[in-house]
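A look at the structure
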Amino acid sequence: MKTIYLIGFMGSGKSTIGQELSKKLSRSYIDTDNYIEKKHGKISRIFQKMGEEVFRTYETQAIKQTKSYEIISTGGGIIERKENLQEMNRNGIIIYLSTSFDEIYERLGHDENRPLWSNNLEEVKKLYDRRMPLYKIFSNYTVITDGKSIQENVQEIKKIISSIESAK
Ligand code: S3P
């Protein structure tokens, strides 16, 4: 059974959907951000004290060290390193949770726990526009989450997984 990786921008629902999916399918689950926080402390502190590059290195280590899990939610910047994409591709199936910028903006508001989600709307929009094509290109499937409930998204992903697993 291949690992299912959930990728997408901050606020696209990767962690909530991943957890729910793991319950519904009774499969093991991990979130790379949680994994990093358990090992190295709070993400906002890592960014503040050591900078983004150190965080990215922890993220690459997390992707390599969590391979045995069946469902994995990743951080929004997982597509920033080719090495991460190669590792996920080798080990599993990548599902992109696609959410419009407007909906993400509505969901996150003034979230202070995400170092890259600043109050500068122009900057986060630029980050979103740069990353969006990368999520698309490097995923095997796309699920559009806009206007859908968590359960609806989970159902859609369950269908994708069963079609993959029933194919010979
Ligand atoms: C990041 C997204 C965050 C977290 C870190 C960096 C990013 O995860 O990994 O703050 O670069 O987009 P979420 O996507 O779960 O918010």
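Okay, so let's go over this structure. Along each chain, the written sequence defines residue order, and numbers are assigned to residues from 1. pLDDT decides what is reported in this predicted model: residues at 70 or higher carry local features, side-chain atom pairs at 80 or more are listed and counted, and totals for whole chains, interfaces and linings draw on all residues regardless. To get the side-chain values, take all heavy atoms of the structure and skip hydrogens and water.

We now examine the packing of aromatic side chains. Here is the rule: rings of Phe, Tyr and Trp (six-membered ring for Trp) pair when centre to centre is within 6.5 Å. Planes less than 30 degrees apart are stacked, more than 60 are edge-to-face, and the remainder are tilted. Throughout the structure, instances matching the rule amount to 7 aromatic pairs. Here phenylalanine 9 and tyrosine 128 contribute two aromatic rings whose centre-to-centre distance is 5.2 Å and whose plane-to-plane angle is 80°, an arrangement assigned as edge-to-face. With phenylalanine 9 in the loop between β1 (3–7) and α1 (14–25) and tyrosine 128 in helix α7 (residues 121–137), the pair connects residues that are 119 residues apart, well separated along the chain. Look at tyrosine 128 and you get buried, because its relative accessible area is 6%. Ring centres of tyrosine 105 and tryptophan 117 lie 5.9 Å apart, and the angle between their planes is 50°; on these two criteria the pair is classed as tilted. The secondary structure listing takes helices from DSSP runs of H or I that are at least 4 residues long and strands from runs of E that are at least 2 residues long, numbered from the N terminus. Here's how the labels work: a residue is buried when its accessible area is under 20% of the maximum for its type, exposed when over 50%, partly exposed in between, all with a 1.4 Å probe on protein chains only.

Bringing helix α2 (residues 32–40) into the picture now. Residues lying three or four places apart along an α-helix face the same way, a consequence of the helix completing one turn every 3.6 residues. For α2, the complete set of buried residues consists of Thr32, Tyr35 and Ile36. Seen along its axis, α2 keeps its buried residues to an arc of 95°; they face one direction. Note on contacts: a residue pair is in contact if any heavy atoms of the two residues lie within 4.5 Å. Buried positions along α2 lie against β2 (29–31), α3 (43–50), α4 (52–65) and β3 (71–73). At the exit of α2 stands glycine 41, carrying a positive phi of roughly 95°. Arc, as used here, means the arc of the directions from the helix axis to the C-beta atoms.

Another aspect to go through is the site of the ligand. If you check the shell around the ligand, you find 13 residues, and the closest are Lys14, Asp33, Arg56, Arg114 and Arg131. Definition of a polar contact: a pair of N or O atoms within 3.5 Å, with one able to donate and the other able to accept a hydrogen when the atoms are protein atoms, and with sequence-neighbouring residues admitted only if both atoms are side-chain atoms. In the model, an oxygen atom of the ligand is placed 2.6 Å from a nitrogen or oxygen of the arginine 114 side chain. Accessible surface is estimated by sampling points in the Shrake-Rupley manner with a 1.4 Å probe; for residues, cover comes only from the protein chains shown. The protein chains hide 95% of the 380 Å² of surface that the ligand would expose on its own. Following the grouping adopted for this structure description, the nonpolar residues are Ala, Val, Leu, Ile, Met, Phe, Trp, Tyr, Cys and Pro, the charged ones are Asp, Glu, Lys and Arg, and the polar ones are all others, Gly among them. Grouping the constituent residues of the shell around the ligand by class yields 5 nonpolar, 3 polar and 5 charged. Being near a molecule or strand, for a residue, means having at least one of its heavy atoms within 4 Å of it.

A few words now on the sheet that holds β1. Pairs of strands are assigned from DSSP output, requiring at least two bridges between the strands. Spatially, β2-β3-β1-β4-β5 is the arrangement adopted by the 5 strands of the open sheet, whose pairing is parallel. The open sheet has two edge strands, β2 and β5 (141–144), and neither has a second partner. In this sheet, neighbouring strand axes are inclined to one another by 20° on average, regardless of whether the strands run parallel or antiparallel. By the bridge criterion, 3 bridges tie β1 to β3 in an arrangement that is parallel. Looking at the pairing, isoleucine 4 lines up with isoleucine 71 of β3. Lines fitted to C-alpha atoms define the axes, with helix axes restricted to the stretch in contact, and inter-axis angles between N-to-C directions lie between 0 and 180 degrees. Packing of helix α8 (residues 150–166) onto the sheet brings it into contact with β1, β4 (92–98) and β5, and relative to β5 it is tilted by some 160°.

Moving on, we come to the nonpolar core. In these notes, a set of buried Ala, Val, Leu, Ile, Met, Phe, Trp, Tyr and Cys residues joined through side-chain atoms within 4.5 Å is what counts as a nonpolar core. Within the largest apolar cluster, 29 residues are counted, with the highest numbers of intra-cluster contacts made by Ile7, Phe9, Met88 and Trp117. Those residues in contact with isoleucine 7, other than ones at most four positions away along the chain, are Lys14, Thr74, Ile78, Ile79, Met88, Ile94, Ile95, Tyr96, Leu97, Tyr135 and Ser139. Counting residues in hydrophobic clusters, the runner-up holds 14 residues, among them Leu6, Leu21, Ile95 and Val143.

Next up on the list: helix α5 (residues 82–91). Burial in α5 covers these residues: Asn84, Leu85, Glu87 and Met88. Down the axis of α5, the buried set is contained in an arc of 165°. They therefore lie on one face. Of the exposed residues in α5, those oriented more than 90 degrees away from the buried face are Lys82 and Arg90. Looking at the buried side of α5, the elements it contacts are β1, α4 and β4.

What counts as a salt bridge is simple: a side-chain nitrogen of Lys or Arg found within 4 Å of a carboxyl oxygen of Asp or Glu. Taken as a whole and judged by the stated rule, the model has 14 salt bridges. Of the charged contacts in the structure, one is a salt bridge between lysine 148 and glutamate 156, with a shortest N-O distance of 2.8 Å. Judged by relative accessible area, which is 29%, glutamate 156 ranks as partly exposed. Each of the salt bridges in this network shares a partner with another, and the network as a whole consists of Glu20, Lys23 and Lys24.

It is worth stressing that arrangement in space is one thing and function is another; only the former is reported here.
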